[in-house]
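Observations on chain architecture
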Amino acid sequence: PSRNAGAPLCALAGRKRARNDWLDHLKPTDQMRAVETLGNLPEDARFEIERSLEGDVVELDLAFQDLRGPGSEAAAWLLKYAPDLEDLDMSRNCIEGDRVENISRELCRAPKLRKLSLVGNQLGTAGAQRFAEGLDSSTSLEVLDLTDNNMGEEGSAAIARGLLRTPTLKTLNLRGNRIGAKGIKNVVIELKNSTSLETLYLMNNDLGDAGAETAACELRTAPNLKVVYFGYNQIGDVGAEGIAKQLVHAPSLESLHVRWNNIGDAGALAIARELYRAPCLETLGLGCNDISDEGAEPLAKQLLRLPNLKVVYLGYNKMTDRGICDVVRVLRGAHRLRKLDLGNQVVPAASEGIARLLAERPPACLEIPKIVLTNHLDALQLPAEWRMASNSEILGHLRKSRTTALYTFLASVRREHRSGLYKCKELLQHIETFVSCLR
């Protein structure tokens with residue numbers, strides 16, 4: 001399609017009919033409105049919307065298109081006719097509050113729209129309340145991102161109430177909306193009744209210890225909530241323990257993230273201790289906090305007790321190479337742990353120490369991002385031929401070598417015992433050594 005903003009309306013209509021018959025499905029009055037609306041939109045936005053109306057466009061990025069005022073409303077009215085649109089980004093367009101209800105109502109009528117991003121449009125409290133009024137017309141919306149919209153307590157609570165009329169919504173992002181410690185209860189008290197909500201972002205809302213615990217207290221009864229983000233909320237040890245004590249009762253919780261807070265050794269240990277009873281927890285994000293060398297080993301030992309833990313984020317804390325190696329020494333024996341993320345701050349000494357620990361007792365399936373084992377072939381006692389190997393190949397070789405050595409050792413113990421060369425005490429010592437290697 002042409003991108004000439006001055007194209008005559010009749011030419012636009014003729015071209016559309018030649019390429020696609022979407023206009024034929026509209027009423028005559030709506031046909032004229034559609035052609036006129038396309039002609040008045042900014043050039044780049046018009047081009048992208050034309051493609052969507054012609055079909056086969058699943059994702060549409062209209063961020064930073066200056067669709068303020070009637071432009072955003074016109075775009076929403078047109079896009080409800082986009083037959084294949086599933087993912088729409090209208091972030092950073094300065095959408096005016098008095099038009100938001102019409103925008104949400106029109107967009108929610110798009111037949112396949114699953115994801116809607118309205119980041120940074122500064123809807124405010126009034127705009128959020130109007131936007132919530134239009135949510136009840138959606139039959140397909142699954143992801144709604146309202147980050148940085150300055151909605152406050154009342155606006156966010158209105159959104160939460162509106163989403164109860166949206167039975168398909170699975171993910172809600174309320175990051176950076178000034179909800180506050182006092183206002184969060186009015187928000188989550190609505191969300192806890194949603195039977196479809198699975199993922200909730202509450203980052204950067206000034207919750208503090210009290211607000212975080214209040215939110216967790218309400219969300220513990222949310223029937224299908226699986227993932228919660230509490231980052232950037234000035235949460236300390238008290239708040240961390242409060243979150244864990246409440247969410248341990250959440251029936252479906254699989255992933256908890258409290259990164260970028262002020263949680264120290266005591267708070268991190270409390271989280272791991274309390275969540276031992278969480279039946280479904282698989283991912284725990286504790287990065288970017290204040291965990292020190294002194295708290296590293298006790299925390300790792302407690303994490304080892306979590307029955308289903310698969311992923312742990314511990315990067316960018318206050319641990320030095322000593323604390324980092326203590327964590328790896330403990331968690332390398334975890335049978336279910338798949339990923340231990342220590343961030344980018346692992347110093348060379350810690351990196352080599354980790355390699356030696358993994359060589360000494362290769363983990364079953366643990367991945368530690370940013371640790372490149374080929375940089376430490378000497379520590380692993382491997383020849384230069386392994387320079388191009390992957391971490392998984394190296395660990396597989398080490399596991400195989402270790403297993404062979406252990407079987408050889410066990411066979412020799414059995415043989416020596418049969419020949420009567422070992423006394424009972426010596427045999428027990430060798431068996432203890434063998435069992436220790438298997439741990």
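Below: a short report on this structure. This is a predicted model, so every value here is computed, not measured. Position numbers for residues start from 1 in each chain and track the written sequence from start to end. Where totals are concerned, whole chains, interfaces and linings use all residues; where local detail is concerned, this predicted model gives features only for residues with pLDDT of at least 70, and gives and counts side-chain atom pairs only at 80 or more. The basis for the side-chain values is all heavy atoms of the structure; hydrogens and waters are excluded.

Strand order across the open sheet formed by 11 strands is S1-S2-S3-S4-S5-S6-S7-S8-S9-S10-S11, with parallel pairing between neighbours. Every other strand in the sheet has two partners, leaving strand S1 (59–61) and strand S11 (339–341) as the edge strands with one partner each. The sheet shows a mean angle of 0° between the axes of neighbouring strands, taken without regard to direction. Pairing analysis gives 3 bridges linking strand S3 (residues 115–117) to strand S4 (residues 143–145), with the strands arranged parallel. Its bridge partner lying in S4, lysine 115 is registered against valine 143. One requirement defines pairing of two strands: DSSP has to find at least two bridges between them. Here a helix means four or more residues in a row that DSSP labels H or I, a strand means two or more in a row labelled E, and each is numbered from the N terminus. Angles shown run from 0 to 180 degrees and are taken between the N-to-C directions of axes, each axis being a line fitted to C-alpha atoms and, for helices, limited to the stretch in contact.

With that settled, the discussion passes to the side chain of serine 252. With respect to the secondary-structure elements, serine 252 resides in the loop between helix H10 (237–247) and strand S8 (255–257). What makes serine 252 buried here is its relative accessible area of 16%. A distance of 2.9 Å separates a polar side-chain atom of serine 252 from the backbone oxygen of proline 223. Once residues lying within four places of it in the same chain are set aside, the contact partners of serine 252 are Pro223, Asn224, Leu225, Lys226 and Cys280. To sort residues, take the accessible area from a 1.4 Å probe on protein chains only and compare it with the maximum for the residue type: under 20% means buried, over 50% means exposed, and anything in between is partly exposed. Whenever two N or O atoms come within 3.5 Å, that pair is a polar contact, provided that in protein one can donate a hydrogen and the other can accept it, and provided that, for residues adjacent in sequence, both atoms are side-chain atoms. The contact rule is simple, with two residues in contact once any of their heavy atoms fall within 4.5 Å.

This part is about unusual backbone geometry. The backbone of aspartate 148 shows a phi angle near 55°, a positive value even though the residue is not glycine. As for its position among the elements, aspartate 148 is in the loop between S4 and helix H7 (152–163). A positive phi is found at asparagine 150, a non-glycine position, where the angle reads about 55°. Note on placement: asparagine 150 falls in the loop between S4 and H7.

Right, let's talk about helix H11 (residues 265–274) for a bit. Along H11, the residues classified as buried are Gly267, Ala268, Ala270, Ile271, Ala272 and Glu274. Structurally, H11 contributes buried residues whose contacts are with H10, strand S9 (283–285) and helix H12 (293–303).

The interhelical angle for the contact between helix H13 (residues 321–331) and helix H14 (residues 348–360), taken along N-to-C directions, is 20°, at an axis separation of 9 Å. Classified by the interaxial angle, the pair formed by H13 and H14 is roughly parallel. Note that H13 runs across H14; the crossing there is right-handed. Contact residues: H13 offers Asp321, Ile324, Cys325, Val328 and Arg329, while H14 offers Ala349, Ala350, Gly353, Ile354, Leu357 and Leu358. The classification used treats Ala, Val, Leu, Ile, Met, Phe, Trp, Tyr, Cys and Pro as nonpolar, Asp, Glu, Lys and Arg as charged, and all other residues, Gly among them, as polar. Taken together, the residues of the contact of H13 with H14 break down into 8 nonpolar, 1 polar and 2 charged. Working definition: roughly parallel below 35 degrees, roughly antiparallel above 145 degrees, roughly perpendicular at 65 to 115 degrees, and oblique for all remaining angles. Crossings are sorted by hand: turned counterclockwise from the far helix by less than a right angle, the near helix makes the crossing left-handed, and turned clockwise it makes it right-handed.

Checked against the element boundaries, leucine 342 lands in the loop between S11 and H14. The buried category is assigned to leucine 342, whose relative accessible area is 1%. On a C-alpha basis, the gap between leucine 342 and isoleucine 324 in space is 7.8 Å, while along the polypeptide they are 18 residues apart. The residues touching leucine 342, leaving out its near neighbours within four places in the chain, are Leu314, Gly315, Tyr316, Ile324, Val328, Ile354 and Ile368.

Let us now look at the side chain of serine 52. Looking at where serine 52 falls in the secondary structure, it is placed in helix H3 (residues 43–53). Among the residues examined, serine 52 registers a relative accessible area of 1% and is labelled buried. Look past the residues within four positions of serine 52 in its chain and what remains in contact with it is Val57, Leu60, Leu79, Ala82 and Pro83.

Here we come to the packing of helix H6 (residues 124–133) against H7. Relative to each other, H6 and H7 sit at 5°, their axes nearing to 8 Å. In this view, H6 runs roughly parallel relative to H7, as classed from their interaxial angle. Of the residues in H7, those touching H6 at Thr125, Ala128, Gln129, Phe131 and Ala132 are Glu154, Gly155, Ala158, Ile159 and Gly162. Residues of the contact of H6 with H7, tallied by class, amount to 5 nonpolar, 4 polar and 1 charged.

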